[in-house]
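The primary structure of each chain is shown beneath.
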Amino acid sequence: MMKEIKISSTTPQFFTCPISLELFNDPVTLCTGQTYDRFCIEKWFAAGNLTCPVTMQKLHDFSFVPNHTLNQLIHQWRINHDYDHDYHDYYDCYVSLSTFKHVLQSKDCSFEQKIEVLEKLGILSDDLCRKNGLIEMGFLSILMGLIFGEEISEEMMEFVEKSIDFALKLIPFCCMNDLNLLIEDSMFENFKKLFKNGNFMVQIKLCNLIELIFTSLSSPSSSSNSTLAKKIANDIELIQTLIRLLLDYRHNYDVSKASIKAILTIISSSNESSYRENMVKQGLIEALVKYISEIEGKETKSEQNATKALEIMLELESARRAFLTNGVKSGLKALVKMVFRVLGDDECSESAVNCLMTLCYVSEEVREEAISGGVLTQLLLLLQSQCSGRVKTRARVLLKLLRTMWVKDPIHV
């Protein structure tokens, strides 16, 4: 949509980003006083760098502020140096965005008008997120307020769906701290109600949002997101909704698939045992056992995610106890089948072997059921397959563990 601005030899050096060496589109300044284009410095941090690119000073504060003065100087310089033709398109975007912003915020505009604006913004967003002040103009905060600021009626659902979809496009380019609006009790309550009662598409997108929130915890610039993550992970009603959606695969498989991804991200993103303990209390182990037992062979990636989630959860004594109490026969039958597949699936096989190993260590009943269920044949087939060396090593360890059963009850062999 917008033409690239060519950098001439007369361009002042301080008008160019030291990372991209191109004219600033959205200059922001770090605590070190160095200025970079927003997209470039966010990409630098996202790659795991913890320093200021120019000074190489280690950063303890990863926030940055828009450099409005420099932005205005570049704007004026472009006009004075005959960049009008190229820059008018660029500048007009701000005018259009101001209009769009007014429509979204106005109570006098209909939902149909707002949906039309969101559709236009969705088309523009791939370019605008990098090249102008879309983020700086506060669109993410506006969307958060529109989506979660009040209870949503059925007639608003299409608008909410479009809003969440657009917000998900903006989030990777924003400071994740903008999401902390959800910490407010009223907005968090509306988030839970929408998650519980929204249509399938809204529920899928909210699962995606939860996944993004917990994924962002690994970023050095988003430490404050831990408060929001903790609020989500420890909320009983919200976790119950996630688990219910996990088991909703008979009605809508895409919702179930999004839910298991969100659950896996939550339990993988932190060493907080309270997150996992809360999941156990709300019945996640029973849900995972039912899921992997009934979904067998229907969707490999979802089976991988579910088996990996069970592997992580079984590190907890409470989770092992829940499995042994409620899921021995059906759960073991599914895990034994996952040890070896004709088509091969290293990730699923490894997680299944690890689950069985954890359970066999703590229960003779599990060892007996596993052997009766044919785990020895499955492990031997796995060892003869083209799976990775790591998976074969785990399989040998499990075979060694089961040797005690071979000696005690050789009829199983």
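Residues numbered from 1 in each chain as written. Predicted model: local features only at pLDDT ≥ 70, side-chain atom pairs only at ≥ 80, totals over all residues. Heavy atoms only, no water.

Per an unreviewed UniProt entry, the protein goes by U-box domain-containing protein and derives from Saponaria officinalis. The heading Function (unreviewed entry) in the UniProt record of the protein holds the text "Functions as an E3 ubiquitin ligase." (UniProt positions renumbered as here; feature names shortened; annotations may be inferred.)

Draft legend 1. Quick look at the overall build of the protein. Scanning the protein for helices and strands turns up 20 helices and 3 strands. Looking at the protein residue by residue over its 413 residues, the buried ones come to 52%. Accessible area of the protein: about 19,800 Å², with a carbon and sulfur share of 51%. (Helix = DSSP H or I, 4+ residues; strand = E, 2+ residues; numbered from the N terminus. Buried < 20%, exposed > 50% of the residue type's maximum accessible area, 1.4 Å probe, protein only. Areas by Shrake-Rupley, 256 points an atom, 1.4 Å probe, with all protein chains shown as cover.)

Draft legend 2. Inspection of the environment of A370 at higher detail. When you line up the elements, A370 lands in helix α18 (residues 364-372). Taking the relative accessible area as the measure of exposure, A370 reaches 1% and is therefore buried. Residues within four places of A370 in sequence aside, it is in contact with L332, V336 and V375. (Contact = heavy atoms within 4.5 Å.)

Draft legend 3. Representation of the nonpolar core. Core analysis: the biggest nonpolar cluster contains 113 residues, and F148 and L209 have the highest contact counts within it. With near-sequence residues (within four places) excluded, L209 lies in contact with F148, L168, I171, L179, L182 and F191. Among the nonpolar cores identified, the runner-up in size contains 17 residues, and F15, F45, C52 and F64 belong to it. (Core = buried A, V, L, I, M, F, W, Y, C linked by side-chain atoms within 4.5 Å.)

Draft legend 4. The sheet that holds strand β1 (residues 27-29), seen in detail. Spatial ordering of the open sheet is given by β2-β1-β3, a layout of 3 strands whose pairing is antiparallel. Strands with a single pairing partner mark the edges of an open sheet, and in this sheet they are β2 (35-37) and β3 (65-66). Bridge analysis of β1 against β3 gives 2 bridges, and the strand direction is antiparallel. Bridged to T29 within β3 is V65. On top of the sheet, helix α1 (residues 38-46) reaches β1, β2 and β3; it is set at about 95° to β2, its chief contact. (Pairing = 2+ DSSP bridges. Axes fitted to C-alpha atoms, helices over the stretch in contact; angles between N-to-C directions.)

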